[in-house]
Amino acid sequence: MEFKDLLYARKSIRNFTGEPITKAQVDAILEAATRAPNACNFQSWFFYVVADKAMIEKFSPDVYSLDWIKKASVIIVVCADPGRLEERFGQRVGNNFVTQDTAAATTNMLLAAADMGLGGCWIGHFNDDKCRSLLNIPSRLRPVALVPIGHPAEQPPQRPRNPVEKVSLVIGDLR
Ligand SMILES: Cc1cc2nc3c(=O)[nH]c(=O)nc-3n(C[C@H](O)[C@H](O)[C@H](O)COP(=O)(O)O)c2cc1C
């Protein structure tokens, strides 16, 4: 898909057909995640790919309150691995960097999924402690987002954005 078409094709999908997605599709999504720009190229992230149906069922209501998530073919749990960045830059800057690294990776994943006709949603509002216990995530990692992915069973309208003039300021002359 052309990049501009892809930008507009991606939208949050919160209902899935339940049809499985393939290993090749998951690999492409993870590959896209790891191509994201990231601080010092430390790649301070880790991704759990939950493809086990019984495990997916356990995400709701404890980890995420709404049960549409159970229809995802996979749930990718995006984790920050802040150790090296915090060691180099201190806690505040390291934490800031790792937040941006994982956000860039998550964006790439959702774009890669959309490029293959798949749908997904970025979930930041979830119970990270329950997620940690469910997947036995070690303390050095911090779960920061859930990304349920599957075949879309809905095509919601594009959500509107503020016009760029409202959210930007050009300083200087552009020709
Ligand atoms: C940091 C972040 C956290 C989000 N958390 C949630 C969430 O917890 N639940 C949810 O349904 N959507 C969540 N979203 C998705 C947004 O609601 C969605 O991207 C936004 O409404 C724009 O719609 P669009 O993705 O279809 O363009 C989150 C998105 C971001 C970037």
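The residue numbers shown here count from 1 along each chain, following its written sequence. Thresholds applied to this predicted model are a pLDDT of at least 70 for local features of residues and 80 or more for the giving and counting of side-chain atom pairs; totals over whole chains, interfaces and linings are not thresholded and use all residues. As a rule here, side-chain values cover all heavy atoms of the structure and leave hydrogens and water aside.

**Student:** Describe in detail the state of the cysteines, supporting the description with residues and values.
**Tutor:** Such a bond, covalent and formed between the sulfur atoms of two cysteines, is termed a disulfide. In what follows, a disulfide is any cysteine sulfur pair within 2.5 Å. Considering all chains together, one arrives at 0 disulfides under this definition. Cysteine 131 provides the cysteine sulfur closest to cysteine 121, a residue in no disulfide bond, and the two sulfurs are 15 Å apart.

**Student:** I'd like to hear about the nonpolar core, residue by residue, with values.
**Tutor:** Nine residue types can take part in a nonpolar core, namely buried Ala, Val, Leu, Ile, Met, Phe, Trp, Tyr and Cys, and a core is a set of them joined through side-chain atoms within 4.5 Å. Using a 1.4 Å probe on the protein chains alone, a residue whose accessible area is under 20% of its type maximum counts as buried, one over 50% counts as exposed, and one in between counts as partly exposed. Phe59, Ile69, Ile75, Val77, Ile123, Ile137 and Leu146 are the most contacted members of the largest nonpolar core, which has 22 residues in total. In this text, helices come from DSSP runs of H or I with a minimum length of four residues, and strands from runs of E with a minimum of two, each type numbered from the N-terminal end. Top element by residues in this core is strand β2 (residues 74–80). It accounts for 3 residues. Once residues within four sequence positions are removed from consideration, valine 77 is found in contact with Phe46, Phe47, Tyr48, Val50, Phe59, Cys131, Leu135, Ile137, Pro143, Ala145 and Leu146. Grouped together as the second largest cluster of nonpolar side chains are 21 residues, Ala33, Trp45, Leu118 and Ala145 included. Note on contacts: a residue pair is in contact if any heavy atoms of the two residues lie within 4.5 Å.

**Student:** Tell me about helix α5 (residues 128–135), and please be specific about residues and values.
**Tutor:** Structurally, the start of α5 carries an N-cap: the backbone nitrogen of aspartate 129 is 3.1 Å from a side-chain oxygen of asparagine 127. Just past α5, the residue asparagine 136 takes up positive phi, approximately 60°. By the criterion applied in these results, polar contacts are pairs of N or O atoms within 3.5 Å in which, for protein atoms, one can donate a hydrogen and the other can accept it, and in which residues neighboring in sequence qualify only through two side-chain atoms.

**Student:** Quick rundown of the site of the ligand? Include the residues and the values.
**Tutor:** Any residue with a heavy atom positioned within 4 Å of a molecule or strand is treated as near that molecule or strand. With respect to spatial proximity, the complete set of residues near the ligand consists of Arg10, Lys11, Ser12, Arg14, Tyr64, Cys121, Trp122, Ile123, Gly124, His125, Arg159 and Arg161. Within the side chain of arginine 14, one N or O atom sits 2.8 Å away from an oxygen atom of the ligand. In this structure, a nitrogen atom belonging to the ligand sits 3.0 Å away from a main-chain N or O atom of glycine 124. In the complex, 66% of the free accessible area of the ligand, which totals 620 Å², lies under the protein chains. Surface exposure here means Shrake-Rupley accessible area, sampled with a 1.4 Å probe, where a residue is shielded only by the protein chains that are shown.

**Student:** Break down the side chain of threonine 102 for me, with residues and values.
**Tutor:** Within the secondary structure, threonine 102 is located in helix α4 (residues 83–115). Separated by 2.9 Å, the side chain of threonine 102 and the backbone oxygen of valine 98 make a polar contact. Once residues within four sequence positions are removed from consideration, threonine 102 is found in contact with Ser44, Trp45, Val78, Cys79, Ala80 and Val144.

**Student:** Before we move on, can you summarise the pairing of β2 with the specific residues and values?
**Tutor:** β2 sits mainly inside the fold: 7 of its 7 residues count as buried. The side-chain alternation of β2 yields two buried faces, one formed by Val74, Ile76, Val78 and Ala80 and the other by Ile75, Val77 and Cys79. Bridge count for strand β1 (residues 45–50) against β2 is 6 bridges, and the pairing is antiparallel. For valine 50, the partnering residue across the bridge sits in β2 and is isoleucine 75. When DSSP locates at least two bridges between a pair of strands, those strands are taken to pair.

**Student:** So what's going on with the sheet that holds β2? Which residues, and what values?
**Tutor:** Taken together, 4 strands build an open sheet; the order of strands is β1-β2-β4-β3 and the sheet is antiparallel. Each of the sheet's edge strands pairs with one partner strand only, and the pair in question is β1 and β3 (119–120). Axis definition: a line fitted to C-alpha atoms, over the contacting stretch in the case of helices. Angles run 0 to 180 degrees between N-to-C directions. Strands in contact with α5 are β1, β2 and β4 (142–150); relative to β4, the strand with the most contacts, it is inclined by about 75°.

**Student:** Describe the packing of helix α2 (residues 23–34) against α4, naming the residues involved and giving the relevant values.
**Tutor:** Their axes nearest at 7 Å, the elements α2 and α4 cross at an angle of 145°. Considering only the axes of α2 and α4, their crossing is right-handed. Residues Ala28, Ile29, Ala32 and Ala33 of α2 form the contact with α4, whose participating residues are Ala105, Asn108, Met109, Ala112 and Ala113. In this classification, the charged set is Asp, Glu, Lys and Arg, the nonpolar set is Ala, Val, Leu, Ile, Met, Phe, Trp, Tyr, Cys and Pro, and all remaining amino acids, among them Gly, are polar. Among the residues forming the contact of α2 with α4, the class breakdown is 8 nonpolar, 1 polar and no charged. By definition, turning the near helix anticlockwise from the far helix through less than a right angle yields a left-handed crossing, and turning it clockwise yields a right-handed one.

**Student:** Mind laying out unusual backbone geometry, listing which residues take part and the relevant values?
**Tutor:** Omega for the bond connecting serine 60 with proline 61 falls within 30 degrees of zero, at 10°, which places this linkage in the cis form. By the element assignment, proline 61 lies in the loop between α3 (53–57) and β2. A positive phi angle is found at asparagine 41, which is not glycine, with a value near 55°. Mapping asparagine 41 onto the fold places it in the loop between α2 and β1. Positive phi is not limited to glycine here, since asparagine 136 has a value of about 60°. With respect to the helices, strands and loops of the structure, asparagine 136 is situated in the loop between α5 and β4.

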